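One-letter residues, chain by chain:
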Amino acid sequence: MTECIAPSGAPLIRTCAGVARLGRQVVVHGKDLHHDCLELGFVHYTLFCVTGRTFEAAQAEVLEQLWVATGYPDARIWCNRIAGYLGSARVDPGLALSAALAASNSSAYGFGAMRVAYQVQAGMPQCRQARRAWLDAELAERRILPGYGRPIVGHDERIAVALQSLVRAGLRAGPALQRAFWLDRCLRAEKGIEINIAAIWAAIAIDFGIQQDEYESFMLLMFSPGYMAVYAEQRARPPLSFLAGYQSA
Amino acid sequence: MTQAWLEQLKAELARPELFDEGVEAARNACVAGASIAAAAITAAAYYDSPLVGIGSLRACMSRLAAVPCELAGWRAALRPGPADHGCDPPFTPGFGFVSLAQAGAVLAACRRLAAVGSRGPASHCAFFAQHHAELTAVAGPLNPSGLAALVFVGAELDLESAERQYMCWKIETATAEAQKARRAGLAAFPFLSDRYVYEGTLPPERTLDLASLLEQAGIGSSDD
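Residues numbered from 1 in each chain as written. Chains lettered and ligands numbered in written order. Predicted model: local features only at pLDDT ≥ 70, side-chain atom pairs only at ≥ 80, totals over all residues.

1. Quick word on the nonpolar core
The tendency in soluble globular proteins is for nonpolar side chains to be buried side by side.
Step number 1: In terms of nonpolar packing, the biggest core is built from 135 residues, with Ile82 and Leu86 of chain A together with Ala29 and Cys110 of chain B touching the most fellow members.
Step number 2: For this core, the element with the most residues is helix 10 (residues 197-207) of chain A, which contributes ten residues.
Step number 3: Once residues lying within four places of it in the same chain are set aside, the contact partners of Cys110 of chain B are Cys125, Phe128, Ala129, Leu142, Leu147 and Leu150 of chain B. (Core = buried A, V, L, I, M, F, W, Y, C linked by C-beta atoms within 7 Å. Buried ≥ 20, exposed ≤ 12 C-beta atoms within 10 Å, placed from the backbone. Helix = DSSP H or I, 4+ residues; strand = E, 2+ residues; numbered from the N terminus. Contact = placed C-beta atoms within 7 Å.)

Dropping the structure here:
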């Protein structure tokens, strides 16, 4: 059904994502938000909004736990530190969240790193022989493989947690996750580098049928509990006391 | 307000001795490789602060706008008032929240701006410099947003132009520093590991058996 509320000749927004018929009904990708979507939970609903598809309950449960497992409220992490500064300066939380989110669009961690980690996982050949040849070529050209290695410390404590979520949900590793760990074994043996959570997230997303552009839009808020924990604490402490006077340069 | 005045105030506000936590926050935004858009967004958010940003600038300008250069009037106008952003102690917009060193740097900048002339933008700086001891006793030390407010009020700049000017200057300075941090890279940027004290409850550490989980998930341990 098409609903057109613009007067003739006025600019039109054409969309299938949804419509808020205020005072009556809100429709999201053809479902009634207030009657068909409340059971999804926030993470699954976010994924539904991005993709227009619902996922198996077990898959949604895994994704939910991946999000929770990476909401780190440590004020040293760069994006969180920003939230700390902004809480301390009494900046409104909406602006603080925007800034922390923008900072997470980094290449060494966060969304930039996640984007290229997805590309690595999606680009890895399925055939074992071709995959080995691909890896040899990557290593010969001394390319960095995002999703492997980690700044500050080498080991990523979220790997086992992600696997536990998968197992608890009754799922087994799909082909992309199998390949991700194949590459982990190779890089550990040949370079002493371990897999990090960006590779796991990407591989699980690929196994769940989430495309790269969908993945990038869907994962955006996963770090936000960490930002807001730091923001809220510093907002409650004396004004401008967070790292007061500290300059790194 | 002449371009020369704007340039001088901009240069004063961009001095490294006045770099504040907004500059440092912007460095954090870019140090791991994000676009300067992240630094600009961070700086824009920081300098929206009611304490040291455009909130403070606007409030300070509003307080001084109709006050003649006469000490009693300024003392009354700069009396601390309740913070309308929460339950923080009363403060005077444009004052406080600076270190001793920064307070000295702001006062020195105020004096340099006052020395430019006795009329227009210089007039409020000159008046503040002359009475800084009495006014500091009432309001605390002048901060950069207060310095800008003095110049803008003296120049009769409207609030919207003033906040736009101040915000743009601050973003420019912060993004330049963010770019430097990004060039230097994460390895050169302190993670502050040895300056972090967690004071909350610490539950016992629990470990997961990775090998067992790999097996349960059907992930082999060899290349076979």
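2. A few points about the sheet that holds strand 2 (residues 25-28) of chain A
All names here are of chain A.
Step number 1: Pairing in this open sheet of three strands is antiparallel, and the strands run 1-2-3 from one edge to the other. Each end of this open sheet is capped by a strand with a single partner; those strands are strand 1 (18-21) and strand 3 (31-32).
Step number 2: Looking at chain direction, strand 2 and strand 3 are connected through two bridges and run antiparallel. Following the sheet pairing, Val27 is matched in strand 3 by Asp32. (Pairing = 2+ DSSP bridges.)

3. A closer look at the interface of chain A and chain B
Step number 1: At the junction of the two partners, chain A supplies 45 residues and chain B supplies 47 residues.
Step number 2: Counting residues per element, the ones that place at least two in the side of chain A that touches chain B are helix 4 (78-88), helix 5 (93-103), helix 8 (158-168) and helix 9 (175-191) of chain A.
Step number 3: At seven residues, helix 8 of chain A tops the list of elements feeding residues into the side of chain A that touches chain B.

4. Points about the pairing of strand 2 of chain A
A regular strand places its side chains so that they alternate between the two faces of the sheet.
Residue and element names in this part refer to chain A.
Step number 1: As judged from the four bridges shared by strand 1 and strand 2, these two strands associate in the antiparallel manner. Bridge pairing in strand 2 places Val19 opposite Val27.
Step number 2: Count of turn residues in the strand 1/strand 2 antiparallel hairpin: three residues, of which Gly23 carries a positive phi of about 85°.
Step number 3: In this structure, the hairpin formed by strand 2 and strand 3 is closed by a connection of two residues, where His29 is found at a positive phi of approximately 45°.

5. Concerning helix 8 of chain A
Step number 1: Among the residues of helix 8 of chain A, Ile159, Val161, Ala162, Leu163, Gln164, Ser165 and Leu166 of chain A are the ones counted as buried.
Step number 2: The secondary structure elements touched by the buried residues of helix 8 of chain A are helix 3 (57-68) and helix 10 of chain A together with helix 11 (210-216) of chain B.
Step number 3: Taken from the residues just after helix 8 of chain A, Gly170 of chain A is the one with a positive phi, measuring 80°.

6. What about the packing of helix 5 of chain A against helix 12 (residues 224-236) of chain A?
Residues and elements named next belong to chain A.
Step number 1: Orientation of helix 5 relative to helix 12, taken along the N-to-C sense of each, is 130°, at an axis distance of 10 Å. Comparing the axis directions of helix 5 and helix 12 gives the class oblique. The two elements helix 5 and helix 12 meet at a crossing, and its hand is right-handed. Between helix 5 and helix 12, the contacting residues are Pro93, Ala96, Leu97 and Ala100 on the first element and Ser224, Tyr227, Met228 and Tyr231 on the second. (Axes fitted to C-alpha atoms, helices over the stretch in contact; angles between N-to-C directions. Parallel < 35°, antiparallel > 145°, perpendicular 65-115°, else oblique. Left-handed = near helix turned anticlockwise from the far one by under 90°.)

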